[in-house]
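Each chain is listed here by its residues.
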Amino acid sequence: MSDQIVLPLTALLATIIVTTAILRGWQGWLALKERELDRTSGDVLHTPAAGKIELADLKERVRQLEAIANGVEL
């Protein structure tokens, strides 16, 4: 085979190998995150009261961050 064919084929093969490795890593990362979400979703109470408490906590955090941004000491 001539160098005009070998070099592009080698580059194409290397691109395919790298792309395959990246895609497998991405799929593995997504599977890991899905398992983490499944694991943590069982720990949270799924009641309206729990959602309201969590929302109130988030609002309080936002108020504190806004106070810090405005230079107000808490």
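Computed from a prediction, not measured in an experiment: that's the story for all the values here.

Q: Explain the overall build of the chain to me, please; I cannot follow it from the model alone.
A: Scanning the chain from N- to C-terminus turns up two helices and zero strands. Counting every position in the chain, which comprises 74 residues, the buried fraction comes to 3%. Surface accessibility of the chain: about 6,900 Å² in total, with carbon and sulfur atoms responsible for 65%.

Q: Is there a simple way to explain the pattern of salt bridges in this structure?
A: Side chains carrying opposite charge are able to pair once their charged atoms draw close together. A complete count under the given rule lists two salt bridges for this structure. In this structure, Lys33 engages Glu36 in a salt bridge whose closest nitrogen and oxygen atoms are separated by 3.3 Å. Within this pair, Lys33 and its partner Glu36 are both found in helix α1 (residues 3–41), separated by three residues, close to a single helical turn.

Q: Explanation requested: the packing of aromatic side chains in the structure shown.
A: Describing an aromatic ring pair means giving the distance of the ring centres and the angle of the ring planes. On inspection of all chains with the given rule, the structure shows one aromatic pair. Between the aromatic rings of Trp26 and Trp29, the centroid separation amounts to 5.4 Å while the plane-to-plane angle is 25°, which identifies the pairing as stacked. Highlighted residues: Trp26 and Trp29, both in helix α1, separated by three residues, approximately one helical turn.

Q: Which parts of the structure should I look at to understand a nonpolar patch on the surface?
A: Together, Ile5, Leu9, Leu12 and Ile16 make up an exposed nonpolar region whose accessible area comes to about 360 Å². In this structure, Ile5 sits in helix α1. Classification of Ile5 by relative accessible area gives partly exposed; the value is 43%.

Q: Quick question: what am I supposed to make of the environment of Arg63 here?
A: Structurally, Arg63 can be placed in helix α2 (residues 48–70). For Arg63, a relative accessible area of 48% puts it in the partly exposed group. A polar atom in the side chain of Arg63 sits 2.8 Å from the side chain of Glu60.

Basis of the calculations
Counting restarts for each chain, with residues numbered from 1 along the sequence as it is written. Reporting of local features is limited, given that this is a predicted model, to residues whose pLDDT is at least 70; pairs of side-chain atoms are given and counted only at 80 or more, and all residues count toward the totals for whole chains, interfaces and linings. The side-chain numbers reported here are obtained from all heavy atoms of the structure, hydrogens and water having been left aside. Numbered from the N terminus, helices here are DSSP runs of H or I no shorter than four residues, and strands are runs of E no shorter than two. Only protein chains enter the area calculation, which uses a 1.4 Å probe; residues under 20% of their type maximum are buried, those over 50% are exposed, and those in between are partly exposed. In short, Shrake-Rupley with a 1.4 Å probe defines the accessible areas, and a residue's cover is counted only from the protein chains shown. When a carboxyl oxygen of Asp or Glu lies within 4 Å of a side-chain nitrogen of Lys or Arg, that pair is called a salt bridge. Between 30 and 60 degrees the pair is tilted, below 30 it is stacked and above 60 it is edge-to-face, where a pair is any two Phe, Tyr or Trp rings, Trp via its six-membered ring, whose centres lie within 6.5 Å. What makes a patch is a set of residues exposed beyond 30% relative accessible area and free of salt bridges, joined within 9 Å when like-charged and within 5 Å when nonpolar (Val, Leu, Ile, Met, Phe, Trp, Tyr). N or O atoms within 3.5 Å of each other form a polar contact, as long as, within protein, one can give a hydrogen and the other can take it, and as long as residues adjacent in sequence are counted only when both atoms are side-chain atoms.

What is shown is where atoms sit, not what they do.
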